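Read off the chains here:
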Amino acid sequence: MLNIVIFGPPGSGKGTQSEKIIEKYGLVHISTGEILRKEIKDDSDLGKIAKSFIDKGELVPDQTIIEILEKKLESLSNVKGVIFDGFPRTVDQAVALKKMLQRHGEDVNVMLNLEVDRQELIARLLKRGQVSGRSDDNLETIEKRIRVYEERTFPVIDFYKKEGTYTPIRGVGEINDIFKRISDAIDAVKV
Ligand code: AP5
Ligand code: MG
């Protein structure tokens, strides 16, 4: 299997590039943000819990997220690989993912870190906020999301550096140019 973690701060293009990756490489896309937004829309118990964190720009507790991931992974069979988008977001989540995959004799093959500066992130998300209807796409919550990223998610980079799979990708410019950088990085991985 080809297992990819697409990583980066809010607005760095994880969702945008994931769509192109699944199309080219035939992978299953798992976005924890999308799963949670679906639960909120369905007004489920999980959705109610998730909303209280997402609306404030905070992370949903690790245990909740890890259970969602476990369920999702167990439901897959015969897949070419998975792209993890928005997960792991803490070092504990990264450790949990490694253990989950290990049970199936798998591992993360490459971690792609989309590098985008803060001003560009804010500009992108404010622009999207005009049309997305996402409750966390407003200036106050965007700034909080970026702070939470810096404090809790940034350390995940070191985890993957130690794993030897860390790959920085310049995440600014044309979407197709960024995708070319990503494809080159994926093609360089031998699985
Ligand atoms: P999540 O849904 O993962 O949101 P995020 O990380 O804040 O990132 P976004 O989805 O906003 O951005 P993206 O990087 O996908 O960029 P996109 O392609 O959309 O998480 C939301 C919340 O859920 C979290 O805050 C947390 O509360 C909770 N959560 C989720 N996962 C969790 C976890 N594992 N643990 C705990 N809590 C969790 O692009 C952004 C915009 O820019 C778009 O409008 C796009 O069109 C545009 N754009 C993309 N590329 C370019 C480009 N090259 N040039 C110009 N514009 C571009
Ligand atoms: Mg996204």
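What you see is a predicted model; the values in this text were computed from it and never measured.

Reading guide: rules and limits
- Residues numbered from 1 in each chain as written.
- Chains lettered and ligands numbered in written order.
- Predicted model: local features only at pLDDT ≥ 70, side-chain atom pairs only at ≥ 80, totals over all residues.
- Heavy atoms only, no water.
- Near = heavy atom within 4 Å.
- Polar contact = N/O pair within 3.5 Å; in protein donor to acceptor, adjacent residues only side chain to side chain.
- Areas by Shrake-Rupley, 256 points an atom, 1.4 Å probe, with all protein chains shown as cover.
- 1 Å grid on protein atoms, 1.4 Å probe; cavity = no way out; pocket = protein on both sides within 12 Å on 5 of 7 lines; lining within 4 Å.
- Sits in = over half its atoms within 2 Å of the grid points.
- Helix = DSSP H or I, 4+ residues; strand = E, 2+ residues; numbered from the N terminus.
- Points joined across faces, edges and corners; volume = space filled by probe spheres on them.
- Nonpolar A, V, L, I, M, F, W, Y, C, P; charged D, E, K, R; others polar.

A. The site of ligand 1, seen in detail. Inspection of the region around ligand 1 gives 30 residues, with Thr16, Thr32, Glu58, Arg89 and Arg128 positioned closest. A distance of 3.0 Å separates an oxygen atom of ligand 1 from a polar atom in the backbone of Gly13. Contact distances for ligand 1 include 2.7 Å between a nitrogen atom and a side-chain N or O atom of Thr32. In the complex, the protein chains occlude 87% of the 1,000 Å² of accessible area that ligand 1 would expose alone. Under a 2 Å grid-point criterion requiring more than half of the atoms, the pocket assigned to ligand 1 is the largest pocket. At the level of secondary structure, the elements contributing two or more residues to the shell around ligand 1 comprise α1 (14-25), α2 (32-41), α6 (118-132) and α9 (175-187). Looking at the shell around ligand 1, the element that brings in the most residues is α2, giving 4 residues.

B. Structural view of the layout of surface pockets. Taken as a whole, the largest pocket spans an internal volume of roughly 1,100 Å³. Taken together, 46 residues make up the lining of the largest pocket; nearest its centre are Gly11, Lys14, Arg128, Arg134 and Arg145. Contributing elements (two or more residues each) for the lining of the largest pocket: β1 (2-7), α1, β2 (28-31), α2, α6, α7 (139-153) and α9. Split by residue class, the lining of the largest pocket holds 16 nonpolar, 17 polar and 13 charged. Approximately 200 Å³ is the volume attributed to the second largest pocket. Every residue along the wall of the second largest pocket is listed here: Ile35, Glu39, Leu46, Gln63, Thr64, Glu67, Ile68, Lys71 and Lys72. Among the elements of the structure, α2 and α4 (62-74) are those that each provide at least two residues to the lining of the second largest pocket.

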